[in-house]
Amino acid sequence: MKIAVNKWRNFSGKVFDVPITTLIENAIIKERKAGHRLKIYVGSDSQAYKTHVAYGTVIVILREGKGGFMFIKNEKGTTKIGIKERMLREVNLSVETAYNICDLLEKYNIQLEVHADINTDSKFKSNVALKEAMGYILGMGFAFKAKPYAFASSSCADSIV
């Protein structure tokens, strides 16, 4: 499957040419009409390759007790960067996405969490960015989760990079 870079798509590969706010609002309206209570999670992950770094960002919409679905966006970094910078780039992608939809979620009174693919155990390389990532996410006013509780980044976004 060819991946559309910098456009939002669903897990099946359907690419959307409308703003993410429109996609999220339409999903909220549809799911609420069906009687579902929702919670939204944003997370990003990356994978370093020899020639570039691939990034994936997801918005996961969970229906309380009824499963969920996600919107996906991929990006490509042209240069190889260190682990700390890469982790903070992931966090920045998530915070930008969360910021773009936060007014909409406030309007519909839906909880939002930003997940970071950063390990809380200092034995892991990603831990070097934990303090900065947590400060950035919390400083922007979002709820924060790191591994092992950050499923949006460590499972969902991980599956698309």
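Before reading further, recall that the structure is shown in the block above.
Keep in mind it's a predicted model, so treat the numbers as computed, not measured.

Peer 1: Account for the nonpolar core, naming residues and giving values.
Peer 2: Across soluble globular proteins, you tend to see nonpolar side chains buried next to one another. Within the largest apolar cluster, 34 residues are counted, with the highest numbers of intra-cluster contacts made by Ile24, Ile40 and Phe71. Elements represented by at least two residues in this core include exactly helix H1 (20-33), strand S2 (38-48), strand S3 (53-63), helix H2 (83-107), strand S5 (111-119), helix H3 (130-139) and strand S6 (143-147). In terms of residue count, the dominant contributor to this core is H2 (eight residues). In this structure, Val58, Val60, Ala152 and Ile160 belong to the second largest nonpolar core, which totals nine residues.

Peer 1: I'd like a rundown of the side chain of Ser44, residues and numbers included.
Peer 2: Of note, Ser44 is situated in strand S2. A polar contact of 3.4 Å, which involves the side chain of Ser44, links it to the backbone oxygen of Glu90. One polar contact links Ser44 to Ser94, side chain to side chain, over a distance of 2.9 Å. Leaving out residues up to four positions away in the same chain, Ser44 has contacts with Gly56, Thr57, Glu90, Leu93, Ser94, His115, Asp117, Ser153 and Ala157.

Cut-offs applied
- Residues numbered from 1 in each chain as written.
- Predicted model: local features only at pLDDT ≥ 70, side-chain atom pairs only at ≥ 80, totals over all residues.
- Heavy atoms only, no water.
- Core = buried A, V, L, I, M, F, W, Y, C linked by side-chain atoms within 4.5 Å.
- Buried < 20%, exposed > 50% of the residue type's maximum accessible area, 1.4 Å probe, protein only.
- Helix = DSSP H or I, 4+ residues; strand = E, 2+ residues; numbered from the N terminus.
- Polar contact = N/O pair within 3.5 Å; in protein donor to acceptor, adjacent residues only side chain to side chain.
- Contact = heavy atoms within 4.5 Å.

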